[in-house]
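These are the residues of each chain, in order.
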Amino acid sequence: QVQLQESGPGLVKPSDTLSLTCAVSGYSIRSSDYWGWIRQPPGKGLEWIGNIYFSGTTYYNPSLKSRVTLSVDTSKNQFSLNLSSVTAVDTAVYFCARKGPGLFYFDYWGQGALVTVSS
Amino acid sequence: QSAPTQPASVSGSPGQSITISCTGTINDVGGYNFVSWYQQHPGKAPKLMIYDVTDRPSGVSNRFSGSKSGNTASLTISGLQAEDEADYYCSSYTIRSTWVFGGGTKLTVL
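So, a few notes on the structure that sits alongside this text. Everything quoted here is computed from the prediction, not taken from an experiment.

Here's the deal with the packing of aromatic side chains
Then, in step 1: Taken as a whole and assessed by the stated rule, the structure comprises 22 aromatic pairs over all chains.
Then, in step 2: For the ring pair Tyr 93 of chain B and Trp 99 of chain B, a centre distance of 4.9 Å and an interplane angle of 65 degrees mean the geometry is edge-to-face. In terms of burial, Tyr 93 of chain B and Trp 99 of chain B fall into one category: buried.
Then, in step 3: Members of the aromatic cluster, connected to one another through ring pairs, are Trp 48, Phe 95, Phe 104, Phe 106 and Trp 109 of chain A together with Tyr 32, Phe 34, Tyr 38, Tyr 93, Trp 99 and Phe 101 of chain B.

What to know about the interface of chain B and chain A
Then, in step 1: Listed per partner, the contact involves 19 residues of chain B and 21 residues of chain A.
Then, in step 2: Summed over both sides, the interface of chain B with chain A buries roughly 1700 Å², with 69% coming from carbon and sulfur.
Then, in step 3: It is Pro 46, Trp 99 and Phe 101 of chain B in chain B that bury the most area against chain A; as a group they hold 36% of the surface buried on that side.
Then, in step 4: At the junction of chain B with chain A, the criterion picks out zero salt bridges.
Then, in step 5: Linking chain B to chain A there are four residue pairs in polar contact (both at pLDDT 80 or more).
Then, in step 6: For the side of chain B that touches chain A, the secondary-structure elements that each account for two or more residues are β3 (35-40), β7 (86-93) and β8 (99-101) of chain B.
Then, in step 7: Top element by residues in the side of chain B that touches chain A is β3 of chain B. It accounts for three residues.

Conventions and cut-offs
- Residues numbered from 1 in each chain as written.
- Chains lettered and ligands numbered in written order.
- Predicted model: local features only at pLDDT ≥ 70, side-chain atom pairs only at ≥ 80, totals over all residues.
- Heavy atoms only, no water.
- Phe/Tyr/Trp six-rings, centres within 6.5 Å; stacked < 30°, edge-to-face > 60°.
- Buried < 20%, exposed > 50% of the residue type's maximum accessible area, 1.4 Å probe, protein only.
- Contact = heavy atoms within 4.5 Å.
- Buried area = accessible area lost by both parts, 1.4 Å probe.
- Salt bridge = Lys/Arg side-chain N within 4 Å of Asp/Glu carboxyl O.
- Polar contact = N/O pair within 3.5 Å; in protein donor to acceptor, adjacent residues only side chain to side chain.
- Helix = DSSP H or I, 4+ residues; strand = E, 2+ residues; numbered from the N terminus.

What follows is the structure, given as structure tokens:
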């Protein structure tokens, strides 16, 4: 069974970099097509952040592209999100998810990690 | 990229049917048969309910169905049940090889 688990600081200061990691279990990160990050501000809708292939190829949401970096560590079977220069509007639950090989939807999701941006 | 438009809320009584629309553009919803729908209960991760416009993952009730006409996709839930009360989001692949989510619809079962 594919499982994803987000981890990282729950509180980040304004102007700092938000860093989260998604650990994948029950499935090799090399076997899937893309791995993605999606966020949800409190009480609001879902926003796609970006996808990364195990080889490192990335696609980003144009509105966040200048601040987002995705990376993958195949030796640890995990991938990561860095979001720089954060402000209060970046406060959200951040989900990691799998986009299966050749598929165009996210079939497995992590439980989500709340990150609050505050001094 | 702009989010596809969904109604903020819909409601229905148990046993009734409801439809949630998702209106995008030719660059996303209208241009690809890669529309998916997610159900989200409070405090939970989204759950895939429909993919590729009309297909249901294994384990999802056949009360859930999807369709598309032009730039608008739709999710229909028949035989409404109390457990269907949740937020629903459409999502589409786009011409820029990115993904976009609709604004979300809150379904209330009366």
